[in-house]
Amino acid sequence: MSENANGSRAEGQFSVVNAKGMHARAATQLVKLASTFECKIMLSGPEEEAVSAKSVMGVLLLCGAKGAIIQVVADGERAREAVDAIGRLIADGFGEGR
Amino acid sequence: MTLKRGSEVLLGVGSSHGVAIAPAVVLSGSRRAVRRQHVAETAVEEERERFDVAVRDVQQDLQATLSSVVPGRPEAAILEAYLLMAGDELFAQEVSLQIENERRCADWAVAEVTAKFVAKLERVDDAYMRERSHDIDFVGQRLLRALRGGSSMSDELNVTEPSIVIAHDLSPADTAAMTRAPIVAFVTEVGSRTSHTSIMARALEIPAVVGVKNALDRIGTGDMVIVDGLRGQVIVDPSPLEIAEAEQRGGRYAAMMNKLGQGRDRPARTQDGTLVRLQANIELALEAELAVEHGAEGIGLYRTEYLYVDRAAPPSEEEQYQSFRKVLGEIGDRPVTLRTFDIGGDKFVSTFPMPKELNPMLGLRAVRLALSERALFFEHLRAMARASGQGDVQVMIPMVASLDELHAVRELLEEARLSVKAEGQVVADVIPLGVMIEVPAAAVMADMYAREADFLSIGTNDLVQYALAIDRTNQALAHLASPFDPGVLRLVHGVIRAGLEHDCPVSLCGEMASDPMGALLLLGFGLRSMSMESVAIPEIKEAISRVNMTELKTLAGEALACRTASEVNDLLFEALGDRLRDLLTGEPLSTPGGPPPSSDAPPGLSSD
């Protein structure tokens, strides 16, 4: 994890733990959470193509199946907070256990 | 029409009798018929605007549905996801690029982007992720509908004049929307006698010709069309002579059906006095009235899966209960058999996004799906338990392949019954629970089922398909899929015998019962109860009244000794053909040009 001097950029890596992966409901939760932050948040997954965390189609297209590693990069206001919050959601299995 | 061309005759399978003459309405609802048009540079902005409007329409629609759903229910989460997907920025970006760079109209762009996203998810090596492609597809289809200027099928079918629907195929959702429009006939490019379109056409008492190849290429909206369900032909731009002839044929058929309908209140009885119970199969609650009109002695099969059709979320328990109550209200004190949802296989329903299966007919469907979606299934059973307090209700399980399934459902049904009772609502003390015998293994084990189930009902459509290993939607094989195949007959006969031996009521609810020859053969096997589409009841009742049991028993014995389906066909035709000719062909018994049979004439001829 790194953060640059002015604190506007943050990133983290999290692995998908729930059996169903980032399915529609999970993606919805993630998008809703991401949309509460002003900063730009990009996700990249196994396919390595970065998508906006505020697009549910984008999140679905990440193909975040169980076991996939998701890279979260935020840029802007409260970037660190955003990465941590999204990280917790993914690590908690979107509240549906493993 | 300004361009005068000669009439053209297209051939297909007449799957619902009658003759209709009306202008065509060609449905563009299927995804292959998406408008694909290049647009001028000046129209790019306009197409973007159309897309934005479509997005807002779909969002409004979904929002309205969402507000009627109790928060926290699973469908609320799915609707929320759809809502976000409809307004998704990435999707909008890609659509906009398609319109601008490729100069494609908005419909084409949406179809393209949807297909691209779906394809990407389908490539992923994870079943759960692949399922997500259904969600994207669902939203894409909704947007396409909105782009066509209406957010639902019923808007597209906004016709006020009697019209004939021409389509590649019709889904249960399509036909459900059609019950409110003045549609007088169906023509589809695919399908068989047992496909959904055919069943619905017969239920609605309108002619249908299915399996008409290239119908969409040959027929345009507004073309005058004759649909002849008796001959299985469609005439495009008919001559005045052809119209006059078709009117006559239609008139004769209507007169015959009318005459048969007059026997509504008389029981189905053979000449030597054997009584047969004839019940109706229905798909929609509104068909119960039709069943009563045709003299049905109850509902032998209520296909409850149609409650789940064309909607983003499953119906609530209350909604299901109200539908059941409506049927019970129409049917009076006659029995109603509620079949638990038979979803999967050919009846894809958007409320259950299902993974793609190589062999859906052998996959997660019917009772298997029910037992893997316990919460939904429990609500379904609770609605049925509540209905049991309002009439003579029995519950039937589809696609049972193992006694374990009967045991599991019995336990859940009892649990549902007790939970309804605990709330102080009226329930029956006992809700009879039966199984459909449509998997060959169950037919072979019929004696075991007869010992434990409260009743058995033979589903011949699927039994034929599974026993002969013939996909019932494959037209190239349709001629091989005969219920008269001796292998099938032995299975059916065995089930009827097992029921008699163990004192377990047996009924039959497949197409075989609505074929006069099939119905009579089944009587010979010992069957005394059948369920069929309402419109077939008068015909079958008439057929039964023309024969006696002694000859049917002999005939049944001979049929069981046949080696092939064609031998059975020949045998039945030889023995019964002359007496049933009018019922089999839809033409009066008299030879063409001869005098019509007098309405006081005794039914049929003597047996020798």
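This structure is a prediction, so every number in the text was calculated from the model and none was measured.

**Looking at the sheet that holds strand 4 (residues 69-75) of chain A**
Residues and elements named next belong to chain A. Read across the open sheet, the four strands follow the order 1-4-2-3; overall the sheet is antiparallel. Pairing within the sheet leaves two strands with one partner each, and these edge strands are strand 1 (9-15) and strand 3 (51-52). Alignment of strand 1 against strand 4, held across seven bridges, turns out to be antiparallel. If you follow Ala10 over to strand 4, its bridge partner there is Ala74.

**Quick word on the interface of chain B and chain A**
Facing the 21 residues of chain B at the interface are 23 residues of chain A. Here chain B meets chain A over a buried area of about 2,000 Å², counting both sides, of which 74% is carbon and sulfur. Here chain B and chain A share one salt bridge between them. We note a salt bridge from A:Lys32 to B:Glu80, for which the minimum N-O separation is 2.2 Å. On inspection of chain B and its partner chain A, the count reaches five residue pairs in polar contact (both at pLDDT 80 or more). Elements represented by at least two residues in the side of chain B that touches chain A include exactly helix 2 (74-86), helix 3 (89-102), helix 4 (106-122) and helix 5 (127-147) of chain B.

**Quick look at the pattern of salt bridges**
Residues and elements named next belong to chain B. Taken as a whole, this structure holds 33 salt bridges over all chains when the rule is applied. Residues Glu8 and Arg218 are paired through a salt bridge, measuring 3.1 Å at the closest nitrogen-oxygen approach. Of this pair, Glu8 sits in strand 1 (residues 8-11) while Arg218 sits in helix 9 (residues 215-218), and the two are 210 residues apart along the sequence. Under the relative-accessibility criterion, Glu8 is labelled partly exposed at 24%. A relative accessible area of 37% means that Arg218 is categorised as partly exposed. Here Arg142 makes a salt bridge to Asp61, at a shortest N to O gap of 3.6 Å. On the criterion of sequence distance, the pair formed by Arg142 in helix 5 and Asp61 in helix 1 (residues 44-67) is long-range, its members being 81 residues apart. We classify Arg142 as buried; its relative accessible area is 15%. Among the charged side chains, a salt-bridge network with shared partners connects Glu305, Arg339, Asp342, Arg365 and Asp462.

What counts, and at which threshold
- Residues numbered from 1 in each chain as written.
- Chains lettered and ligands numbered in written order.
- Predicted model: local features only at pLDDT ≥ 70, side-chain atom pairs only at ≥ 80, totals over all residues.
- Heavy atoms only, no water.
- Pairing = 2+ DSSP bridges.
- Helix = DSSP H or I, 4+ residues; strand = E, 2+ residues; numbered from the N terminus.
- Contact = heavy atoms within 4.5 Å.
- Buried area = accessible area lost by both parts, 1.4 Å probe.
- Salt bridge = Lys/Arg side-chain N within 4 Å of Asp/Glu carboxyl O.
- Polar contact = N/O pair within 3.5 Å; in protein donor to acceptor, adjacent residues only side chain to side chain.
- Buried < 20%, exposed > 50% of the residue type's maximum accessible area, 1.4 Å probe, protein only.

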